[in-house]
Amino acid sequence: MSRQYETVIGLEVHVELATKTKIFCGCSTEFGGEPNTHTCPVCTGMPGSLPVLNRQVVEYALAVGLAANCQINQYCKFDRKNYFYPDNPQNYQISQLYLPICHDGWVEIDTASGKKKIGIHEIHMEEDAGKLIHDEWEDCSLVDYNRSGVPLIEIVSEPDMRNADEVMAYLEKLRLMIQYLGASDCKLQEGSMRADVNLSVREAGTSRLGTRTEMKNLNSFKAIARAIEGERARQIELLEDGKKVIQETRRWDDNKESSYAMRSKEDAQDYRYFPDPDLLPVVISDQWIQEIKSRQPEMQPEKMARYQKEFQIPEYDAGILTSTIHMARLFEKTTALCGKPKEVSNWLMVETMRLLKEHEQTPEDLSFSPENLARLIALVDEGAINRTVAKTVFEQIFAQDVDPEKYVEEKGLGMVSDQGALRKAVEDVIAANPQSVEDYRKGKEKAMGYLVGQTMRAMKGKADPGMVNKIVKELLTK
Amino acid sequence: MSISEMTALELGRRIRSGDVTVLEAVQEALDQIKKKEPDIHAYVTVDEEGALKRAAKVQAMIERGDLKGPLAGVPAAVKDNLCTKDLLTTCGSNILYNFVPTYTAEAVQNLEKAGAVILGKTNMDEFAMGSTTETSAFGVTKNPWNTDHVPGGSSGGSCAAVAAGECFYALGSDTGGSIRQPSSFCGVTGIKPTYGTVSRYGLIAYGSSLDQVGPVAKDVSDCAAVLETIASYDKKDSTSIPRKDLDFTGALVDDVKGMKIGIPRDYFGEGLDGQVREAVMRAAGILKDRGAVVEEFDLSLVEYAIPAYYVIASAEASSNLSRFDGVKYGLRAKEYEGLHQMYKKSRSEGFGPEVKRRIMLGSFVLSSGYYDAYYLKALRTKALIKQAFDKAFADYDVILGPAAPTTAPKLGESLKDPLKMYLGDIYTVSVNLAGLPAMTVPCGQDQAGLPIGLQLIGDCFQEKKIIRAAYTFEQTFTRREER
């Protein structure tokens, strides 16, 4: 390749909001449920039904907008986007085009070359569509409107990203921010966060933007990274061959690691947007904005800094502990209960992360209570169980949130520190291993370790290791 | 007096006093329906069985004292664009030929709470698009005064049913005159309330920013009583307005002394039939005789109302009607290949020509490149029209004029020239654009014996002023006729 190219990337991120009810009716937003059970005349587009805006949607959109340093349109409106498709019961989507709720903001990301601001062009509110199920067997299509009317915000960035790493950092930033605000759980895999990538390339050093394409169907961070690499290469190849990039929407196939054109700009639909006459303009008072601002929680960067300062947690650990609001909450609640931040951090950083990896889970899946982890830490601290046993008990807490005290008692895992019982066990081990005793007396220090291990084994791990050590040494040197 | 000659309020009184049972009233209405329907065809659906069952229930509730309102037990008809649970609701369209709603419109529910017995659903222009009730997919309704003539539209079925004694009152809807113009043609009284007064929940939308549900009745008193019953603040309709002045029957006062009435000169220009002009001016004279201050003035912008209305109403309709696609309910074409063809065939077969014309017009004015030139300009015109009315209401309590330029045309005359038909809405559409209340009261007949209607327009939330003026006119006019 003779010329150097720069990639220019902008993102459209859809986030499903965590409201209990839909954006324009009182139906539940809960995931799952038999098809068409979370529906009513409004979200199935029955004749004569009318939308009524869910106030919580506006609050979440405002919270995200304020966290992303946006300007707020204090007089914003909903518009109808008209297009025919059966997943959309009215054949128009209620969205915002002319006056979106937030605009002109930014978020800061960490890049290889330091901090960088990514501009937010706008954030608007809209409704999700239903789901089509194509039954190949019966050769028909069915519609499930349970998701129809679930509230979304769409966050449109400026074309400020230059590579996949920046895109990942930006997405991670949004995810953390929105999760911390409680506005969404932001799970890419489950579709509560979706990203479309707008990408163009241009010769390095030039300032004019190249022709862009929009990439859809990106279901994971990895798919997004692969799609960016694939599309960048495809566009450069076209330009190198003297061809032109066509402005079009493309669909990424992550299995084939390639994309294909869905529609070009020429046959792009005219959505005939116009203000929805069924909804009133949303008027956002200064007071309302102040209320939202005063309710904004501590965000990740502040939390991370506080952990380092308040609890003397190392930077790396503080980063991991605050990487999801779930983990951070667990850390803070458990610490509040037991007062041992370093111990809590240890359990979360080592054992919890190990088990999550083993079970292919994410921190959002954590379901054990801070009370039980705090009790476990207390048991170790009191010397009621040793560390080996504690790990076993923690696995049970992780899996089923067991009460560690009860569990230890039921399974008889309490540490044995009864002198007589331990002495008897050590005597048995020494009697059964004359060779090791011999070795030790010849100066092989390691042999003692072996004997301690054998005793612990005989005691099923419950023995107080300090006491066992002491007794073995005493009996050997007798 | 036979039952069918009674007004709704009179019948209500007789039912409460025990002179007449609800069943007798319903039976009388059903008898009238059987007698008149072959000539008039005011109904799309008559729910005889449901009405008789309901009559017994309502009678029992009245006897127990659970229903005490003035309309308890009085049989009524409902325009076929208001959803009624378990009762066919077609909107006069083939695309909803089999549509049975799962819920009842708020306005109808309010009637039911007051003890109304719903006799059935009245015919209308398809999706309320038309001025003659001839665009219905289920046959033409005829004017009870002369069956060679149209009843007007789009609430032609409701107005004809009231005029023919096939119900005691009815609900209609008014997007550009659809209550007031047919009321005028059928010699009945109708009100289009201030936008936001009656919930639109369950009214199948035509032009959402203009649609209002309202009463059609035999006289002003009935009209006020029905409006009082159906008006309510409804959280299910975001455009619904909470009001504390819904006691419209309190405005039934036979006195207009000192009331300032303005007559827009612009309403009496070219195109207005001479006999209509005469009757309306006579009506103005009557109100003047009763002590009102009557003046002529220039309203301005009148000629822009029709184009603005047709752009806005069609734009909203093109989007509102996109849900009728054969996927979820209503007509689906029998044979098709693939989704696109299913949409195309179902909608081609389901919609009539007038509806298609407005969908195309609406899609055009919203399309990219034309939005500013048509839709935005129409919205600006709408705002200017509202300003012109605001200015007029600074000087006048009520604006008086005709409801339509002519009396009812003959069947088959109007649809040949849609543009001419649209121009017939000149006195009514600006009221919807400005969101104002207005009503029609009969004020005489032409030489052919067809009724003429007087239109009274009020400022937003001033229904009581127009009801008072209408009541005073009606009482005085009736006394003079009787002399």
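Residues numbered from 1 in each chain as written. Chains lettered and ligands numbered in written order. Predicted model: local features only at pLDDT ≥ 70, side-chain atom pairs only at ≥ 80, totals over all residues. Heavy atoms only, no water.

Peer 1: Outline the nonpolar core, supporting the account with residue identities and numerical values.
Peer 2: One broad rule of soluble globular proteins: the nonpolar side chains tend to lie buried together. Counting 264 residues, the largest nonpolar core has Ile155 and Tyr170 of chain A together with Phe127 and Tyr169 of chain B as its most contacted members. Looking at this core, you find at least three residues from each of domain 1 (5-288) and domain 2 (298-411) of chain A. Not counting residues within four places of it along the chain, the set of residues in contact with Tyr170 of chain A comprises Leu11, Val13, Val107, Ile109, Ile118, Ile120, Ile155, Ser157 and Met161 of chain A. The next biggest cluster of nonpolar side chains, apart from the first, holds 21 residues, and it includes Ala425, Leu451, Met459 and Met467 of chain A. (Core = buried A, V, L, I, M, F, W, Y, C linked by side-chain atoms within 4.5 Å. Buried < 20%, exposed > 50% of the residue type's maximum accessible area, 1.4 Å probe, protein only. Domains from an automatic or database assignment. Contact = heavy atoms within 4.5 Å.)

Peer 1: Lay out the sheet that holds strand E5 (residues 92-95) of chain A with the relevant residues and their values.
Peer 2: Residues and elements named next belong to chain A. If you trace the three strands from one edge of the open sheet to the other, you get E5-E4-E15, paired in antiparallel fashion. Pairing within the sheet leaves two strands with one partner each, and these edge strands are E5 and strand E15 (274-275). By the bridge criterion, four bridges tie strand E4 (residues 79-82) to E5 in an arrangement that is antiparallel. Note on E5: the bridge partner recorded for Lys81 is Gln93. (Pairing = 2+ DSSP bridges. Helix = DSSP H or I, 4+ residues; strand = E, 2+ residues; numbered from the N terminus.)

Peer 1: Which residues make up the environment of Pro405 of chain B, and what values go with them?
Peer 2: All names here are of chain B. Mapped onto the fold, Pro405 is located in the loop between strand E9 (398-402) and helix H13 (418-423). Pro405 gets classed as buried once you look at its relative accessible area, which sits at 11%. Sequence separation between Pro405 and Gly362 is 43 residues; the distance between their C-alpha atoms is 26 Å. When neighbours within four sequence positions are excluded, Pro405 is seen to be in contact with Gly271, Leu272, Asp273, Val276, Gly424, Ile426 and Tyr427.

Peer 1: Just give me the short version of the pairing of strand E10 (residues 438-445) of chain B, but keep the residues and values in it.
Peer 2: Residues and elements named next belong to chain B. By the criterion of burial, E10 is predominantly enclosed, with six of the eight residues buried. The pairing of strand E5 (residues 189-192) with E10 spans three bridges and is classified as antiparallel. What sits directly across from Ile191, in E10, is Met439. The pairing of E10 with strand E11 (residues 451-458) spans six bridges and is classified as antiparallel. By the bridge assignment, Pro442 is partnered in E11 with Gly453. Here E10 folds back onto E11, and the loop between the two strands holds five residues, one of which, Gly449, carries a positive phi near 85°.

Peer 1: Report on the interface of chain A and chain B, specifying residues and quantitative values.
Peer 2: Facing the 31 residues of chain A at the interface are 37 residues of chain B. Summed over both sides, the interface of chain A with chain B buries roughly 2700 Å², with 58% coming from carbon and sulfur. Our count for the contact surface shared by chain A and chain B stands at one salt bridge. A salt bridge links Arg200 of chain B to Asp278 of chain A, with the nearest nitrogen and oxygen atoms 3.1 Å apart. On the surface where chain A and chain B come into contact, there are 21 residue pairs in polar contact (both at pLDDT 80 or more). For the side of chain A that touches chain B, the elements supplying multiple residues, two or more each, are E4 and E15 of chain A. Its residues placed into classes, the side of chain A that touches chain B shows 20 nonpolar, seven polar and four charged. (Buried area = accessible area lost by both parts, 1.4 Å probe. Salt bridge = Lys/Arg side-chain N within 4 Å of Asp/Glu carboxyl O. Polar contact = N/O pair within 3.5 Å; in protein donor to acceptor, adjacent residues only side chain to side chain. Nonpolar A, V, L, I, M, F, W, Y, C, P; charged D, E, K, R; others polar.)

Peer 1: Can you tell me about the packing of helix H12 (residues 419-432) of chain A against helix H14 (residues 446-458) of chain A, naming the residues and giving the values?
Peer 2: Residues and elements named next belong to chain A. Their axes nearest at 9 Å, the elements H12 and H14 cross at an angle of 125°. Between H12 and H14, the angle is such that the two are oblique. As H12 packs across H14, the resulting crossing turns out to be right-handed. Across the interface between the two elements, Ala425, Val426 and Val429 of H12 pack against Leu451, Gln454 and Thr455 of H14. Counted by class, the contact of H12 with H14 contains four nonpolar, two polar and no charged residues. (Axes fitted to C-alpha atoms, helices over the stretch in contact; angles between N-to-C directions. Parallel < 35°, antiparallel > 145°, perpendicular 65-115°, else oblique. Left-handed = near helix turned anticlockwise from the far one by under 90°.)

Peer 1: Tell me about a nonpolar patch on the surface, and please be specific about residues and values.
Peer 2: All names here are of chain B. Together, Phe364, Tyr370 and Tyr374 make up an exposed nonpolar region whose accessible area comes to about 280 Å². As for its position among the elements, Phe364 is in helix H11 (residues 353-366). On the basis of relative accessible area, Phe364 is assigned to the partly exposed category, the value being 36%. (Patch = residues over 30% accessible without salt bridge, like charges linked within 9 Å, V, L, I, M, F, W, Y side chains within 5 Å. Areas by Shrake-Rupley, 256 points an atom, 1.4 Å probe, with all protein chains shown as cover.)

Peer 1: Provide a residue-level description of the packing of aromatic side chains, including the pertinent values.
Peer 2: For the structure on display, the rule yields 27 aromatic pairs over all chains. Ring geometry for Phe24 of chain A versus Phe78 of chain A: centroids 5.5 Å apart, planes at 80°, classification edge-to-face. One end of the pair, Phe24 of chain A, is in the loop between strand E1 (5-16) and helix H1 (55-67); the other, Phe78 of chain A, is in the loop between strand E3 (75-76) and E4, and 54 residues separate them in sequence. Side by side, Phe24 of chain A and Phe78 of chain A carry an identical accessibility label, which is buried. Between Phe473 of chain B and Phe477 of chain B, the aromatic rings sit 5.1 Å apart at their centres with planes inclined by 20°, giving stacked as the arrangement. With a gap of four residues between them, Phe473 of chain B and Phe477 of chain B both fall in helix H15 (residues 463-482), about one helical turn apart. Taken individually, Phe473 of chain B and Phe477 of chain B each receive the classification buried, so the pair is uniform in this respect. Members of the aromatic cluster, connected to one another through ring pairs, are Phe99, Phe127, Phe324, Tyr329 and Phe351 of chain B. Cation over ring: Arg55 of chain A sits above Trp288 of chain A, and NZ or CZ is 4.2 Å from the ring centre. In this structure, Lys117 of chain A packs its charged tip against the face of Trp106 of chain A, placed 4.1 Å from the ring centre. (Phe/Tyr/Trp six-rings, centres within 6.5 Å; stacked < 30°, edge-to-face > 60°. Lys NZ or Arg CZ within 6 Å of the ring centre and 35° of its normal.)

Peer 1: Quick one: what's the story with the sheet that holds strand E12 (residues 213-216) of chain A, residue by residue and with numbers?
Peer 2: Residues and elements named next belong to chain A. Read from one edge of the open sheet, nine strands run E2-E6-E7-E10-E1-E11-E12-E13-E14, paired in mixed fashion. Strand pairing shows two members of the sheet lacking a second neighbour, strand E2 (71-72) and strand E14 (258-264), which therefore form its edges. Note: strand E7 (residues 114-127) against strand E10 (residues 151-157), seven bridges, orientation antiparallel. Pairing of His124 across the sheet is with Glu154, part of E10. Contacts from helix H3 (residues 221-240) reach E1, strand E11 (193-203), E12, strand E13 (248-253) and E14 within the one sheet, and its direction differs from that of E11 by about 25°.

Peer 1: Give a detailed account of the packing of H11 of chain B against helix H12 (residues 371-395) of chain B, specifying residues and quantitative values.
Peer 2: All names here are of chain B. In the contact formed by H11 and H12, the axes pass within 7 Å of each other and the chain directions differ by 105°. As judged from the angle between their axes, H11 and H12 are roughly perpendicular. Counted together, Phe364, Val365 and Leu366 of H11 and Tyr371, Tyr374 and Tyr375 of H12 form the full contact between these two elements. In the contact of H11 with H12, the residues fall into six nonpolar, no polar and no charged.

Peer 1: So what's going on with the environment of Arg329 of chain A? Which residues, and what values?
Peer 2: Take Arg329 of chain A: it is sitting in helix H7 (residues 325-338). In sequence terms Arg329 of chain A and Pro151 of chain A are 178 residues apart; their C-alpha atoms lie 26 Å from each other.

Peer 1: Would you mind going over unusual backbone geometry in detail, with residue names and values included?
Peer 2: Residues Gly153 of chain B and Ser154 of chain B are joined by a peptide bond in cis, for which omega reads 5°. In this model, Glu360 of chain A sits at a positive phi of 50°, which is unusual for a non-glycine residue. As for its placement among the helices and strands, Glu360 of chain A is situated in the loop between helix H8 (341-358) and helix H9 (370-382).

Peer 1: An account of the pattern of salt bridges is requested, with residue identities and associated values reported.
Peer 2: Any two side chains of opposite charge can pair, so long as their charged atoms come close to each other. Enumeration over the complete set of coordinates arrives at 62 salt bridges over all chains. With a shortest N-O distance of 3.2 Å, Lys121 of chain B and Asp80 of chain B are connected by a salt bridge. Of this pair, Lys121 of chain B sits in strand E3 (residues 117-122) while Asp80 of chain B is found in the loop between strand E2 (75-79) and helix H4 (106-113), placing the two residues 41 residues apart along the sequence. Judged by relative accessible area, Asp80 of chain B falls into the buried class, the value being 0%. Where salt bridges share partners, they join Arg80, Asp276 and Asp278 of chain A together with Arg200 and Asp237 of chain B into one cluster.

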